Amino acid sequence: MNTEIIIRPARTTDVRKISELMEPLVARRILLGKDLVVLYEQVQEFLVATDQEGEIIGFGALHPMWEHLGEIRTIASVDSWLGKGVGSALMRGLEVKARDLGLSKLFCLTFETEFFTRHGFTPLDENDTLVEADVYAELLRSPDDGVAEFLDLARVKQNTLGNTRMLKRI
């Protein structure tokens, strides 16, 4: 197997494959499921990793939350490529995208603390103040579950059980 990994922006024609690759990870409760329509709506947030033949072997998304804050979400690789650098390549690509957008802090909610720690993320303390009170009030208006997870709201506790909230400054 050639191990060259190519990172590129996701296209609408990639969405069905991303969804297909997500299904077993959702079944194993590694990722939260997303409806196909949501993936199409959010396709511009995604990067995909492909092998040299163009087969999608991983994916990840960056969701801007506020002026300097974004969330790394839905990052994964296919099992046959685990440990071969797909996640790291995606993380580098997502960080470039974050810097290009002007973000300086990245949040994630994950079971994969070792992976994110290797990439400079640190666990959040319950008492960490990540945004000012006025920004917090604005973020409360968001219908996005990822924002609610960042805010640690009760309505998404079922999503966050066992996960670690982590942050990286870039």
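The coordinates are above.
Small disclaimer: the values here were computed from a predicted structure and weren't measured. (Residues numbered from 1 in each chain as written. Predicted model: local features only at pLDDT ≥ 70, side-chain atom pairs only at ≥ 80, totals over all residues. Heavy atoms only, no water.)

(A) Summary view of the sheet that holds strand β2 (residues 46-50). On the basis of which strands lie adjacent, the open sheet formed by seven strands has the order β1-β2-β3-β4-β5-β7-β6 and mixed pairing. The sheet is open, and its two edges are formed by β1 (6-9) and β6 (122-123), each paired on a single side. Of the pairings in the sheet, the one linking β6 to strand β7 (residues 164-169) comprises two bridges and is antiparallel in character. Pairing of Pro-123 across the sheet is with Met-166, part of β7. On the sheet, helix α1 (residues 15-27) packs against β2, β3 (56-66) and β4 (69-77) and is oriented at approximately 90° with respect to β3. Where helix α3 (residues 86-101) meets the sheet, it contacts β1, β2, β3, β4, β5 (105-110) and β7, and its direction lies at approximately 30° from that of β3. (Pairing = 2+ DSSP bridges. Helix = DSSP H or I, 4+ residues; strand = E, 2+ residues; numbered from the N terminus. Contact = heavy atoms within 4.5 Å. Axes fitted to C-alpha atoms, helices over the stretch in contact; angles between N-to-C directions.)

(B) Examining the pattern of salt bridges more closely. Tallied over the entire structure, the rule returns nine salt bridges. Residues joined in a network through salt bridges with shared partners are Lys-17, Glu-20 and Glu-55. (Salt bridge = Lys/Arg side-chain N within 4 Å of Asp/Glu carboxyl O.)

(C) Just the pairing of β5, in detail. Here β5 lies mainly inside the structure; five of its six residues are buried. As defined by bridge partners, β4 adjoins β5 across three bridges and the pair is classed as parallel. Pairing of Leu-69 across the sheet is with Lys-105, part of β5. Considered for its hand, the β-α-β crossover made up of β4, α3 and β5 is right-handed. Note that β5 and β7 share six bridges and pair antiparallel. Bridge pairing in β7 links Lys-105 to Arg-169. (Buried < 20%, exposed > 50% of the residue type's maximum accessible area, 1.4 Å probe, protein only. Right-handed = clockwise from strand over helix to strand, strands pointing away.)

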